[in-house]
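# Structural overview
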Amino acid sequence: MAFRLPTSQLYRAAATPTASARPLLFSLASSRHPPRQLRLLATPAHPVTQNNAGSKGPTAMVFLNMGGPSTVDEVGDFLSRLFADGDLIPLGRLQNYLGVFISARRTPKIKEQYAAIGGGSPIRKWSEYQCTEMCKILDKVSPETAPHKPYVAFRYANPLTEEMYRKLLADGFGNGKGGRAVAFTQYPQYSCSTTGSSLNELWKWRQRLEGKAGPLEDGSDGSIRWSVIDRWPVHPGLVETFASNIEKKLAEYPEERRKDVVLLFSAHSLPMSVVNRGDTYPAEVAATVYAVMQRLKFSNTYRLCWQSQVGPQPWLGPQTSTSVEEYIAKGQKDLVLIPIAFTSDHIETLYELDKEVISESGHADTVKRVESLNGNPIFIDALVDVAKTHLDSGITCSSQMGLRCPGCKSDRCLESKRFFAGQQTLPGH
Ligand code: FES
């Protein structure tokens, strides 16, 4: 794997810019070279542009995420969509009734929380920034699929999947014109309740807005050709971003205490009914944690905890908040919290971890949280590398996505997976 080549070989490859030089982005980033310089090293000498015959672009790059209300007034709609989603919070046949009831009850409290973090979630700002920056670099390192056009599709907040899909059509994709789009999940670890739910929603709007496309002379139906980046839990750039953020935070502790700080990785929890259905998320989150600890050479002890449980049913534990309380009660007051399953700040970091878990611990000076990935240039390069590798591969989705959970009974899962796995392989692959 290119990421493991000795640095000297990487430099030699970079001196002769070819397609094979592209995977250097991360090896060199890990070697602490400035990311901008890396991008230049990785740019082919004679870039092909959209006007050259070789370009297969434009390519729509669509970031999928749950989203969050950008203003306090959007909280009610956000919660009602969230609790109506049986892929995320399975409430059975009473989903519609219970979902409305729970969201209405929770809205005033959650509005206060969003007001306390500045009046809205920054997830839209960060998602649009990350996608735009990634596309700019992709235009340089992947001229054959340029131009890359950034889109964001949220599951529960604006811009919703429907809005994004209508924008794609208005921008000239589909509608008999074909074109390529990549659905790029911003949940690095796959869960049927997060990425799976977003893909089910994307498939639903694809069927509604393009389902009746007719055959064209070239044999295609003129609809958008989709491929999916469905998981990237141990990508070296993702691991490097987490690890370097942890190192920065550890450096804030006095040297004599630093090695005894306990690292508490925190991921959004799942209802046990989802876990027991056979969801891949717990294993993939654990894979990220282990990869980060390997990169840190196991410098500190660590645990993986789970946060944000709601409702009376059992959720995967241990809970982050009680883990912090219990470690403090045992005398372990130096703790670093690491949000490991989201790619930007959101209510669960800015409110739940910062204002509840840390502030209420009574030890805000020794219990700290690492930065979220947000606009970190190492992370932007990671996104570029994940996307470039996918674009080069010609695959429609990972083989793992084709396997349903052993306990899955959802026709929506079946149809959506069948659709994405069945999208035609791209020309030239
Ligand atoms: Fe996992 Fe349907 S719930 S594949």
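Residues numbered from 1 in each chain as written. Predicted model: local features only at pLDDT ≥ 70, side-chain atom pairs only at ≥ 80, totals over all residues.

Rule in force here: UniProt positions are given in the numbering used here, feature names are shortened, and annotations may be inferred rather than shown by experiment.
The name an unreviewed UniProt entry gives the chain is Ferrochelatase, with Apodospora peruviana as the organism. What UniProt records for the chain under Pathway (unreviewed entry) is the sentence "Porphyrin-containing compound metabolism; protoheme biosynthesis; protoheme from protoporphyrin-IX: step 1/1." As recorded by UniProt, the Sequence similarities (unreviewed entry) comment attached to the chain reads in full: "Belongs to the ferrochelatase family."

### Focus on the pairing of strand β3 (residues 180-185)
When a strand is regular, its side chains alternate between the sheet's two faces. Put simply, the rule reads: Exposed residues have 12 or fewer other C-beta atoms within 10 Å of their own C-beta, buried residues have 20 or more, and residues in between are partly exposed; the C-beta atoms are placed from the backbone. We count a stretch as a helix when DSSP gives it H or I for four or more residues in a row; a strand needs E for two or more, and each element gets its number in order from the N terminus. By this definition, two strands are paired if DSSP reports at least two bridges between them.
Across the six residues that make up β3, a large majority, six, are buried. Along β3, one buried face is formed by R180, V182 and F184 and the opposite face, lined by A181, A183 and T185, is buried too. In this sheet, β3 lies alongside strand β1 (residues 59-65) in parallel orientation, the contact comprising six bridges. Bridging from a neighbouring strand, T59 pairs with R180 of β3.

### Considering the sheet that holds strand β4 (residues 225-229)
The test is simple: To obtain an axis, a line is fitted to C-alpha atoms, over the contacting stretch when the element is a helix, and the angle between two such axes runs from 0 to 180 degrees between their N-to-C directions. The contact criterion used here is simple: two residues whose C-beta atoms, placed from the backbone, lie within 7 Å are in contact.
Here we have four strands laid out as an open sheet, ordered β2-β1-β3-β4, and parallel in their pairing. The open sheet is flanked by β2 (148-154) and β4, the only strands paired with a single partner. Neighbour-to-neighbour, the strand axes of this sheet turn through a mean angle of 25°, independent of strand direction. Looking at chain direction, β1 and β2 are connected through seven bridges and run parallel. Within β2, the residue paired with M61 across the bridge is P150. Along the sheet, helix α6 (residues 123-141) contacts β1 and β2; its crossing angle with β2, the most-contacted strand, is approximately 155°. Across the sheet, helix α7 (residues 161-170) is in contact with β1, β2 and β3; its angle to β2 comes to roughly 155°.

### Some words on the sheet that holds strand β7 (residues 335-339)
Whether parallel or antiparallel, the strands of a sheet pair through hydrogen bonds between backbone atoms. Strand order in the open sheet formed by four strands is β6-β5-β7-β8, with parallel pairing between adjacent strands. Every other strand in the sheet has two partners, leaving β6 (302-307) and β8 (367-369) as the edge strands with one partner each. Each strand axis lies, on average, 25° off the axis of its neighbour in the sheet, ignoring direction. The pairing of strand β5 (residues 262-268) with β7 spans five bridges and is parallel. If you follow L263 over to β7, its bridge partner there is V336. Across the sheet, helix α14 (residues 347-358) is in contact with β5, β6, β7 and β8; its angle to β8 comes to roughly 175°.

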